[in-house]
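Listed here are the chains, written in short residue letters.
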Amino acid sequence: AVVSTQSTGAVIVADSFNSRFKPITLDKPRCLLPLANKPLLDYTISHLVDNGFWDLILLSCAHSDQIDQHLSDTYGSDSRLTIRNIILNSDNVANLGDAMRELSVDGVIRGPFVLVTGDLVSNMDMRSAMEAHQRNKKRDRIERFIQWLEEAEEESSEDEDD
């Protein structure tokens with residue numbers, strides 16, 4: 001069974017939230033660094049589109065103006081592709097958890113999504129991963145609930161022992 005990814009969006013995190021590539025990234029975001037004369041972000045977007053993801057959310061903090069310009073110059077005329085560049089205030093966002101919390105609070109993400117970094121270079125078949133996720137989703141939810149109950153029961157019995 002082929003799982004439609006039309007209702008599943010993809011979130012691309014364009015900010016690495018670290019300084020590993022400094023000083024190279026002082027003036028340019030890591031996702032726009034070239035690999036074979038092509039920005040890494042283009043490989044990421046191409047990979048997602050090849051796997052059926054046409055609705056993309058891109059999160060950017062540092063150098064968001066350069067990312068916005070690149071998206072406009074490169075993908076602005078492609079009417080099939082929707083890319084929303086959500087610029088996060090870097091004063092409020094220090095890590096990936098903060099970024100995801102901002103998306104959740106603002107109601108940007110509704111439903112399942114794939115999360116990737118802006119410098120992803122891959123040829124992984126994401127469709128098979130999505131199919132496995134859909135098959136296991138219900139079972140996993142029940143297993144997580146059972147695990148939560150078992151952990152709560154253990155904590156309760158430890159409290160009684162004290």
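Small disclaimer: the values here were computed from a predicted structure and weren't measured. (Residues numbered from 1 in each chain as written. Predicted model: local features only at pLDDT ≥ 70, side-chain atom pairs only at ≥ 80, totals over all residues. Heavy atoms only, no water.)

Trainee: I would appreciate a short explanation of unusual backbone geometry in the present structure.
Mentor: Both trends apply: most residues other than glycine have a negative phi, and most peptide bonds are in trans. A positive phi angle is found at N37, which is not glycine, with a value near 65°. Among the structural elements, N37 can be located in the loop between β2 (34-35) and β3 (38-39). Taking the relative accessible area as the measure of exposure, N37 reaches 79% and is therefore exposed. Positive phi, close to 60°, is recorded for H63, a residue that is not glycine. Considering the arrangement of structural elements, one finds H63 in the loop between β4 (55-60) and α2 (64-75). (Helix = DSSP H or I, 4+ residues; strand = E, 2+ residues; numbered from the N terminus. Buried < 20%, exposed > 50% of the residue type's maximum accessible area, 1.4 Å probe, protein only.)

Trainee: I keep staring at the nonpolar core and nothing clicks. Help me out?
Mentor: Soluble globular proteins: nonpolar side chains tend toward being buried together. I12, L41, I45, L48, F53, L56 and I67 are the most contacted members of the largest nonpolar core, which has 20 residues in total. For this core, the secondary-structure elements that each account for two or more residues are β1 (9-13), α1 (40-50), β4, α2, β6 (113-117) and α4 (126-161). With four residues, α1 is the single largest residue contributor to this core. In this structure L41 touches I12, C31, L32, L58, I67, H70, L71 and G118, once residues within four positions along its chain are discounted. Residues V13, L59, V93 and L103 belong to the second largest nonpolar core, which totals 11 residues. (Core = buried A, V, L, I, M, F, W, Y, C linked by side-chain atoms within 4.5 Å. Contact = heavy atoms within 4.5 Å.)

The quantities given are spatial measurements derived from coordinates; they are silent on function.
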